[in-house]
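# Survey of secondary and tertiary structure
One-letter residues, chain by chain:
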Amino acid sequence: MIISKPPFCPVQFQGPELLDSGFHASADMHAVWARMRDETPVHRVDPGGGREPFWVVTRHADVSRVLRNHGEFTSRRGTILCVIDLDTADVATDDMLADTDPPRHREFREPLNKAFGPPVVTEHEELIRGLARATLRPALEADVYDIATPTMMFQMAVTGTLMGLPAESWERMVELTMMTIAYDDPSYSTGSAQATVRQARHELFEYFREEFQRRTRDDSKPDVMGVLRAMDLTEGPLSERQALLNGFVLLIGANVTTPHALCTLFTLMAEHPEQFRAVRENPDLHQSCLEEVLRWASPVTALMRYAVHDVELGGQTIRAGEPVSAWLGSANRDERVFPDPYTFDVTRRPNQHVAFGVGPHYCIGAGLARRGLRIFLEELLDMVDTIEIAGEIGHVASHFVPGFKSMPVRMTPRKVAAR
Ligand code: HEM
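What you see is a predicted model; the values in this text were computed from it and never measured.

Attention now moves to the overall build of the protein chain. Tallying secondary structure elements over the protein chain gives 16 helices and 16 strands in all. In terms of overall size, the protein chain behaves like a compact globule, its C-alpha atoms giving a radius of gyration of 21 Å where 419 residues would be expected to give roughly 22 Å. A principal-axis box enclosing the C-alpha atoms of the protein chain has dimensions of 65 × 60 × 40 Å. Among the 419 residues that make up the protein chain, the fraction classed as buried is 56%. Across the protein chain, contacts joining residues at least 24 apart in sequence account for 69% of those joining residues at least 6 apart.

Take the site of the ligand next. As a matter of local geometry, the ligand sits amid 26 residues, with H105, R109, R305, H361 and C363 nearest to it. One of the side-chain N or O atoms of R109 is found 2.7 Å from an oxygen atom in the ligand. Going through the elements one at a time, helix 4 (104-115), helix 11 (240-255), strand 9 (302-307) and helix 16 (366-383) are the ones with two or more residues in the shell around the ligand. Per-element tally for the shell around the ligand: the top contributor is helix 11, with 3 residues. Of the residues assigned to the shell around the ligand, the class counts are 17 nonpolar, 7 polar and 2 charged.

This next bit is on the nonpolar core. Grouped together as the largest cluster of nonpolar side chains are 107 residues, with contacts concentrated most on L112, I147, L165, I181, F266, F276 and M411. For this core, the element with the highest residue contribution is helix 16, accounting for 10 residues. Those residues within four positions of L112 in sequence are excluded, and the remaining contacts are L97, V224, V227, L228, M231, L250 and I364. Core analysis: the next-biggest nonpolar cluster, separate from the first, contains 15 residues, L18, V32, M36 and A302 among them.

This part is about the layout of surface pockets. If you add up the space inside the second largest pocket, you get close to 750 Å³. If you go around the second largest pocket, you meet 26 residues; those closest to its centre are D28, H30, R333, H395 and P402. Counting only elements with at least two residues in the lining of the second largest pocket, the list comes to helix 1 (21-26), helix 2 (29-39), helix 12 (258-271) and helix 14 (286-297). Of the residues in the lining of the second largest pocket, the class split is 11 nonpolar, 11 polar and 4 charged.

Glancing now at the sheet that holds strand 5 (residues 73-74). As summarised here, the arrangement of the 5 strands in space is 3-4-12-9-5, forming an open sheet in which the pairing is mixed. A strand with exactly one partner marks an edge of an open sheet, and here the two such strands are strand 3 (42-45) and strand 5. For strand 3 and strand 4 (residues 54-57), the ladder comprises 4 bridges, and the chain directions are antiparallel. When the sheet's bridge partners are listed, V42 is paired in strand 4 with V57. Its contacts with the sheet put helix 3 (residues 60-68) on strand 3, strand 4, strand 5, strand 9 and strand 12 (323-327), and the angle it makes with strand 12 is roughly 125°.

Attention now goes to the packing of aromatic side chains. Between two aromatic rings, the relevant description is the distance of the centres plus the angle of the planes. Per the stated rule, a full pass over the model turns up 7 aromatic pairs. Between F205 and F248 the ring centres are 5.2 Å apart and the planes differ by 80°, which places this aromatic pair in the edge-to-face class. Taken as a pair, F205 in helix 9 (residues 193-214) and F248 in helix 11 lie far apart in primary sequence, 43 residues in all. Taken together through their ring pairs, the aromatic side chains of F154, F266 and F376 make up a single cluster. Lying across the ring of F212, R229 places its NZ or CZ 4.3 Å from the centre. Above the plane of the ring of F338 lies R295, whose end atom (NZ or CZ) is 5.1 Å from the centre.

One pass over the full model with this rule turns up 0 disulfides. Of all cysteine sulfurs in the structure, the one in C289 sits closest to C263, which takes part in no disulfide; the separation is 15 Å. On the basis of relative accessibility, which here comes to 1%, the residue C263 falls in the buried class.

Right, let's get into the pattern of salt bridges. All told, the structure shown has 35 salt bridges when counted by the stated rule. The shortest N-O distance in the salt bridge between E211 and R214 comes to 2.5 Å. Taken together, the residues span about one helical turn, with E211 and R214 both in helix 9 at a distance of 3 residues. Classification of E211 by relative accessible area gives buried; the value is 5%. Two residues, D310 and R319, come together in a salt bridge whose shortest N-O distance is 2.9 Å. Residue class for R319 comes out partly exposed when judged on its relative accessible area of 46%. In this structure, a network of salt bridges that share partners links the residues E126, R129, R133, R374, E378, E379, D382 and R414.

The rules behind each value
Residues numbered from 1 in each chain as written. Predicted model: local features only at pLDDT ≥ 70, side-chain atom pairs only at ≥ 80, totals over all residues. Heavy atoms only, no water. Helix = DSSP H or I, 4+ residues; strand = E, 2+ residues; numbered from the N terminus. Rg over C-alpha atoms; globule rule 2.2 N^0.38 Å. Buried < 20%, exposed > 50% of the residue type's maximum accessible area, 1.4 Å probe, protein only. Contact = heavy atoms within 4.5 Å. Near = heavy atom within 4 Å. Polar contact = N/O pair within 3.5 Å; in protein donor to acceptor, adjacent residues only side chain to side chain. Nonpolar A, V, L, I, M, F, W, Y, C, P; charged D, E, K, R; others polar. Core = buried A, V, L, I, M, F, W, Y, C linked by side-chain atoms within 4.5 Å. 1 Å grid on protein atoms, 1.4 Å probe; cavity = no way out; pocket = protein on both sides within 12 Å on 5 of 7 lines; lining within 4 Å. Points joined across faces, edges and corners; volume = space filled by probe spheres on them. Pairing = 2+ DSSP bridges. Axes fitted to C-alpha atoms, helices over the stretch in contact; angles between N-to-C directions. Phe/Tyr/Trp six-rings, centres within 6.5 Å; stacked < 30°, edge-to-face > 60°. Lys NZ or Arg CZ within 6 Å of the ring centre and 35° of its normal. Disulfide = S-S within 2.5 Å. Salt bridge = Lys/Arg side-chain N within 4 Å of Asp/Glu carboxyl O.

If you want it as structure tokens, here you go:
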């Protein structure tokens, strides 16, 4: 099929490219999704090579149904569209928050909700503010500054503190996170995709094993590792393996998403200075601006589910057991929901984006992410007058997150007198 929906460039597209990370880094995915939403909103892709065919769902209503309705679409076989895992049984079924369905899901979710609840986030506000300022300061002191990795370190410091992970491991954890999701990006891969993912998972699990073993069950520390150490399931205390899996999913969930939203914020401020001037002058716009940044960024591109039984969706029959990918990046530009979806508008209300998902697995870190992004926005507006993208932007090759691996920026400070 040839994609040529204005205002896009024509794109050649067959289907299996959706599993090709390089395609995501180089093609205009919005052109692909726009055409799919219009013509084949529930589309079966046969990747060939003996791989299992999978369904691609692109409209907002269908994406929401797939994510929300665990009676039809289960999370138990895994939720990340990872080429390596697509054909294999998920090893984390019923043992890792993301890979459970209710009611099992609640056993993990309720105790962990407390570890990321509003009081915990409020307690860390000043820390987050200090980290935001420390991330921006070097950019203001340099002529051109690559801010992509510092945004990853910003989020790692927030997550690492809340989880109770030692600071000396944070830099390596960021690298390992990127190896996990961008396994065939030359900037992160250490060999074949399989070898890269295996090494990253192995090292991360070892970090979490050490932390888990350092704690005791009556450890009074309220951080996430402390919560995992004290957690009980119906069958008894959380096992070490279950703790590693859940530590892993929390770290990945936080680290790969928020930095992408931040980098998108910088590009948007560079492209729409007048809208950000309005946001600076009117704090009532802060929240709608952030929601629009989240819609625009869609830091999670796609999520997986598997059909529990035969399901009719978008005029197609999805057979029991078949993998279904729900494309959040597409749903967030669906013209059936968002008027003028390709216009960035800081005043957009309502804004029913699905950047944090929907249903029982709605992002557990959404409150933390929103507060962190809001603080970052406040500091950005306070410290920075203008942003210019000062070189070529490097996109992470991944079909899970549309992240940035390099973003050279030139930032000018606000005049002290004006602050
Ligand atoms: C802008 C930032 C973020 C975005 C866009 C985002 C996006 C998402 C999405 C779309 C889901 C739904 C997954 C599903 O339905 O299968 C999700 C779940 C999840 N997120 Fe986030 N996330 C963000 C920040 C965070 C943070 C800061 C954390 C860590 C505290 C986190 C940890 C998780 C976890 C553990 C889940 C699984 C929840 C469950 O299965 O019940 N995320 N996130």
